[in-house]
Amino acid sequence: MKKISLTSIAIYSVIILLKFMPNTYAADEQTYPISNIISKADLSTESGQLALLTSDDIKSDLSSFAQSLKEKEINQQSMFSKIALFSLREDIDKISSAIRQQQNTLEYSHYQFFHQTRLALNGQKSTKESFVNKANDLIKSKFEHLNDEGFVQLSLALGWSVSNAKEYVLNIFKQLQKKSLLTRGDMINLAVNYHLYQVLDAIIPIVNDIVQLEQQDRFVIQPDVLVKLKNGIEISTTIVRSRGQTKPNSTALQYTIYADETAHIKAAMHAAAHGYIGIVANSRGKRSSNNDIVPWEHEGEDASQLINWITEQVWSDGNVVMYGGSYNGFTQWATAKHMPKGLKAMAPYVAANLITGLPYENNIALTGNFEWPLYVTNNKTVDNSIYSDWQRTNNIINELYSSGRPFVDIDKIANKPSPWLQKWLAHPEDAPYYQKMVPHQDDYKHINIPVLSITGYFEGGQISALHYMHEHYKYNENANHALLIGPYNHGSAQGKPRSHHSNYELDPVALEKDTEEITFAWFDHILKGKTKPKLVQNKVNYQIMGANEWRFADSLQALNQRHLSFYIQTNKPDTEHNYLLAQTPSSHANHYIEQTVDMSDRSEQRNRSQWPVISEQINKQGGIQIETPVFKQDMELTGAISGFFDIAVNKKDVDIGFNFYEVTADGNAFHLNNYRSRASYADDMSTRRLLTPNVKRRVPIVNARFTSKLIEKGSKIVLVLNVNKNVEAQVNLGSGKLVNHETLLDVGKPMKLKWYLSSQINLPLKPWVKEI
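Procedures and definitions
The residue count restarts for each chain, going from 1 along the sequence in the order it is written. With pLDDT at 70 or above as the cut-off, local features in this predicted model cover only qualifying residues; side-chain atom pairs require 80 or more to be listed or tallied, and sums for whole chains, interfaces and linings still use all residues. The basis for every side-chain value is the complete set of non-hydrogen atoms in the structure, without hydrogens or water. Where helices and strands are cited, they refer to DSSP runs of H or I of at least four residues and of E of at least two residues respectively, numbered from the N terminus. For a helix, the expected span equals 1.5 Å multiplied by the number of residues minus one. The classification of residues rests on relative accessible area computed with a 1.4 Å probe and restricted to protein chains. Under 20% of the type maximum is buried, over 50% is exposed, and intermediate values are partly exposed. Each direction from the helix axis to a C-beta atom contributes to the arc, which is the arc of those directions. Here a polar contact is taken to be a pair of N or O atoms separated by no more than 3.5 Å, where protein atoms must pair a possible hydrogen donor with a possible acceptor and residues adjacent in sequence count only if both atoms sit in side chains. In this analysis a 1.4 Å probe is tested at points of a 1 Å grid over the protein atoms alone, and where it fits but cannot get out there is a cavity; an open set with protein on both sides within 12 Å along at least five of seven lines is a pocket; lining residues have an atom within 4 Å of a point. Grid points are joined across faces, edges and corners, and a volume is the space filled by probe spheres set on the points. Polar here means any residue other than Ala, Val, Leu, Ile, Met, Phe, Trp, Tyr, Cys and Pro, which are nonpolar, and Asp, Glu, Lys and Arg, which are charged; Gly is therefore polar. The criterion for an aromatic pair is that two Phe, Tyr or Trp rings (for Trp, the six-membered ring) have centres within 6.5 Å, with stacked assigned to planes under 30 degrees apart, edge-to-face to planes over 60 apart and tilted to the rest. Lysine NZ or arginine CZ positioned within 6 Å of the ring centre and within 35 degrees of the ring normal marks a charge as sitting over the ring. Between any two strands, pairing holds if DSSP finds at least two bridges. Angular values range over 0 to 180 degrees, each being the angle between N-to-C directions of two axes fitted as lines to C-alpha atoms, with helices fitted over their stretch in contact. Salt bridges are counted wherever a side-chain nitrogen of Lys or Arg sits within 4 Å of a carboxyl oxygen of Asp or Glu. Here, residues are in contact when the closest pair of their heavy atoms is within 4.5 Å. Here the angle decides the label: under 35 degrees means roughly parallel, over 145 means roughly antiparallel, 65 to 115 means roughly perpendicular, and every other value means oblique. Take the far helix as your reference; a near helix turned counterclockwise from it by less than a right angle gives a left-handed crossing, and one turned clockwise gives a right-handed crossing.

Student: Pulling in residues and values, what's your account of helix 4 (residues 56-68)?
Tutor: Its 13 residues place the ends of helix 4 18 Å apart at the C-alpha level, agreeing with the 18 Å of an ideal helix rising 1.5 Å per residue. Listed in full, the buried residues belonging to helix 4 are I58, L62, F65 and A66. Buried residues in helix 4, looked at end-on, bunch into an arc of 100°, giving them a common side. Two or three places before D57, at the opening of helix 4, S55 has a side-chain oxygen 3.3 Å from that residue's backbone nitrogen.

Structure follows, in structure tokens:
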């Protein structure tokens, strides 16, 4: 598993582990008997684990399996899996060819060093000692010939954690032990991640020793400087300056709760290599700070005082910029609420927010990363044991859903009391508790520094990032705020994208985004008058999937206003049990489509986000499919769905949602995004207004996700309307009680939901015009 850096730590990516999802697309008809070595291994002991990880028989079997795969089948895999399989086959030419096809040529350096070392040994009898010596010479020589930026880029690319890769493979073994036959997908998943561990175990310890020596020659590194703020709080900081710096300089600051000194040094070195003083500061209570650990609540106040301290130092020129992603994006907005004098610009990536991201999305509590509070508060750094067994985490979430226990019991099911989680669950609406943490309404009037927000179409917390931008422009007519957005997820939005998201292959121009390089170039533009980054030319900078183009717009509002309004035409489905959308309002606006849902039935799930992104058919999950006519010309879909649903339900509340697709002429479904919203909070996230049973209510579509895609002639847009009932979020039973405390005893009669034909769905569509 790749070492989680400060710029890629996701508020929930630690459980998604996108780096290790194999994204295999080959058919799974063929099966393979599980070997006795795997099925009988005792994974509860270190000796049992070691036996599997060092087994020559397993290595041989997986190598033979990789050799048995046809090259066409390997090329259907994600780049991550493709490189590993070619490596297993010792096909160095194919590895080099595949790497040249993508933008980030450093990403697979561990495989290149591994095979270069084997080639350099040139048939000599290879011992561990001879391999280490030869690899050391090769890697050392490579690093010594790089400038500071090249050195940092390569060391970041090689910032993998051997222990995390080991844990991941062991979890795969645990999962496979339950099976007697393995699918082709199982075999590819095992082969890829088992071999990755072997390569990392051989290369990364050598890299780490070389990097540690090399970085001392290039930079002045202060790994843990304890700063005492004027409010008495202690903040642990890592400070890195270039050895060539001779006069006061601007500071690039990340402020984070994820305490990891090694990662901090690398992040700060990267800033120093770009001509800044690099500082990474930890939240109060982390590392050498003697205060209590308090996530979220005081970050803005503490970071603001730290910036004041920075500007008073002899090496500072008084200018500070902030950057970083997820929680580190949140800390920037929290700091901007106080607007310290030294803060000149900020670049939040996928910025988090408790009420609009996790644990809440549109007032619905999500199960994703429910153990995160323990991960960051159990010790002075981070508690990696929390996420060491992702199968256990999945079992807890499944148990919560299937049992129908109240959402507040999730930590009881985990047998890990979580006071911070319980505190957030006690605040289910946008109340002063959250408003004290980040800018709220008029606070935005004072944020007149340049802001660059970066997020992605497939990013789970996109709503938070866009909410900050929307509020900034709503309350500050002088806001200078740009957005960069494309086909990225929570991890790739913060770094360099991979060739694929799920089984969608990104356009070549989408791979041009390197978040940190763009960020430093943008800071150089703001502070030093240099040229704007190529991908940041206007207020909204977006990549159109399928068109291989970046485009630039004046505002999000302008993009969303450019829409076509659609209405459900009849309450009678066609032969496929689907309903037609048209641009003419229905002549029977008071008619409706009725949906009956047994909320106690946990054998089904509804409105769960579909995976993979591209599939041969839509899984309706019991929902109501509504679709546009087939488009007779190419269309551009750019923006977020808006409009409203007119509904009536026999309960006091309901969580509604939809999955949103493009269905192509050949019948393939491209999953664009997922939506969920609590009807009682749709008008105002801060005040719950319960529904009157069986009385029609207009529920606006709020905080739908932004996307952009070329919709080709012959395609259609499809929505599947549904009640939100799945393992990904709490289940609203409609009793009117606090949803976090509802149990199966509150279910009552089956839910009857009426979707009225008077509902209006605005799709951000316009005829496609190719730019010249």
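There is more to say after this.
Student: How would you explain the layout of surface pockets if you had to name every residue and give the values?
Tutor: Summary: where empty space remains is shown by rolling a probe the size of a single water molecule over the atoms. Empty space within the second largest pocket amounts to approximately 1,200 Å³. Contributing to the lining of the second largest pocket are 43 residues, with L466, H467, H470, E471 and N703 lying nearest its centre. Elements with a minimum of two residues in the lining of the second largest pocket: helix 20 (432-435), helix 21 (462-475) and helix 23 (556-561). A per-element tally of the lining of the second largest pocket places helix 21 first, with eleven residues. Residues that form the lining of the second largest pocket fall into these classes: 22 nonpolar, 14 polar and seven charged.

Student: Quick rundown of the packing of aromatic side chains? Include the residues and the values.
Tutor: Taken as a whole and assessed by the stated rule, the structure comprises 35 aromatic pairs. Centre to centre, the rings of Y258 and Y375 are 6.2 Å apart; their planes meet at 50°, and the pair counts as tilted. Taken together, the residues span a long stretch of sequence, with Y258 in the loop between strand 5 (249-256) and helix 13 (261-273) and Y375 in helix 16 (residues 372-377) at a distance of 117 residues. A residue is classified by how much of its surface remains accessible, and Y375, at 4% relative accessible area, is buried. Three or more aromatic residues link up through ring pairs in this structure, and these residues are Y258, W296, Y327, F330, W372, Y375, Y387, W420 and W424. It is K696 that lies over the ring of Y756; its NZ or CZ is 4.6 Å from the centre.

Student: Could you give me a rundown of the sheet that holds strand 27 (residues 706-711), with the residues and numbers involved?
Tutor: The three strands lie next to each other as 27-22-31, forming an open sheet whose pairing is antiparallel. The two strands at the open ends of the sheet, each matched to only one other strand, are strand 27 and strand 31 (765-767). In this sheet, neighbouring strand axes are inclined to one another by 15° on average, regardless of whether the strands run parallel or antiparallel. The pairing of strand 22 (residues 635-640) with strand 27 spans six bridges and is classified as antiparallel.

Student: I'd like a rundown of empty space enclosed by the protein, residues and numbers included.
Tutor: Tallied over the full model, the rule gives five cavities of 30 Å³ or more. Quantified by volume, the second largest cavity comes out at close to 140 Å³. In the lining of the second largest cavity, the residues fall into nine nonpolar, four polar and three charged.

Student: Before we move on, can you summarise the pattern of salt bridges with the specific residues and values?
Tutor: Applying the stated criterion across every chain yields a total of 38 salt bridges. Across the pair R284 and D302 runs a salt bridge, and its minimum N-O distance is 2.7 Å. Remark: D302 occurs in helix 14 (residues 299-311) and R284 occurs in the loop between strand 6 (277-282) and helix 14; sequence separation between them is 18 residues. Its relative accessible area of 10% is what places R284 among the buried residues. When salt bridges that share partners are traced, they join E549, R551, R562, E636, K766 and K770 into one network.

Student: Describe unusual backbone geometry, naming the residues involved and giving the relevant values.
Tutor: With an omega of 5°, the peptide bond running from L358 to P359 counts as cis. In this structure, P359 sits in the loop between strand 8 (343-349) and strand 9 (360-361). In this chain, W611 is followed by P612 through a cis amide linkage whose omega measures 5°. By the element assignment, P612 lies in the loop between strand 19 (592-597) and strand 20 (614-615). Phi angles above zero are rare outside glycine, and V350 is one such case at about 35°. Secondary-structure assignment places V350 in the loop between strand 8 and strand 9.

Student: Break down the sheet that holds strand 6 for me, citing the residues and quoting the values.
Tutor: Think of a sheet as strands paired side by side through backbone hydrogen bonds, with each pair either parallel or antiparallel. Read across the open sheet, the ten strands follow the order 3-4-6-5-7-8-11-12-15-16; overall the sheet is mixed. In this open sheet, the two edge strands, each paired with only one partner strand, are strand 3 (219-228) and strand 16 (549-553). Across the sheet, the axes of successive neighbouring strands diverge by a mean angle of 20°, strand direction being ignored. As defined by bridge partners, strand 4 (residues 234-242) adjoins strand 6 across four bridges and the pair is classed as antiparallel. Across the sheet, residue T238 finds its bridge partner in strand 6, namely V280. Of the strands in this sheet, strand 11 (451-456), strand 12 (481-486) and strand 15 (540-544) are in contact with helix 21, which crosses strand 12 at around 155°.

Student: Can you break down the packing of helix 8 (residues 109-121) against helix 12 (residues 184-218) residue by residue, with the values?
Tutor: Describing two packed helices takes the angle between their axes plus the distance from one axis to the other. Between helix 8 and helix 12, the least distance of the axes is 10 Å, while the angle of their chain directions is 70°. By the angle between their axes, helix 8 is roughly perpendicular relative to helix 12. Seen along the crossing, helix 8 lies across helix 12 with a hand that is left-handed. Residues H110, Y111, F113 and F114 of helix 8 lie in contact with helix 12, whose contacting residues are V192, H195, L196, V199, L200, A202 and I203. Taken together, the residues that form the contact of helix 8 with helix 12 break down as nine nonpolar, two polar and no charged.

Student: How would you explain helix 6 (residues 79-88) if you had to name every residue and give the values?
Tutor: One turn of the α-helix equals 3.6 residues, which is why residues spaced by three or four share an orientation. Across the ten residues of helix 6, ten count as buried, placing the element largely inside the fold. Along helix 6, the residues classified as buried are M79, F80, S81, K82, I83, A84, L85, F86, S87 and L88. Packed against the buried residues of helix 6 are helix 4, helix 5 (71-75), helix 7 (92-100), helix 8, helix 12 and strand 13 (500-501). Residue E90 follows helix 6 closely and has a positive phi angle near 60°.

Spatial relationships are all this shows, so hold off on functional conclusions.
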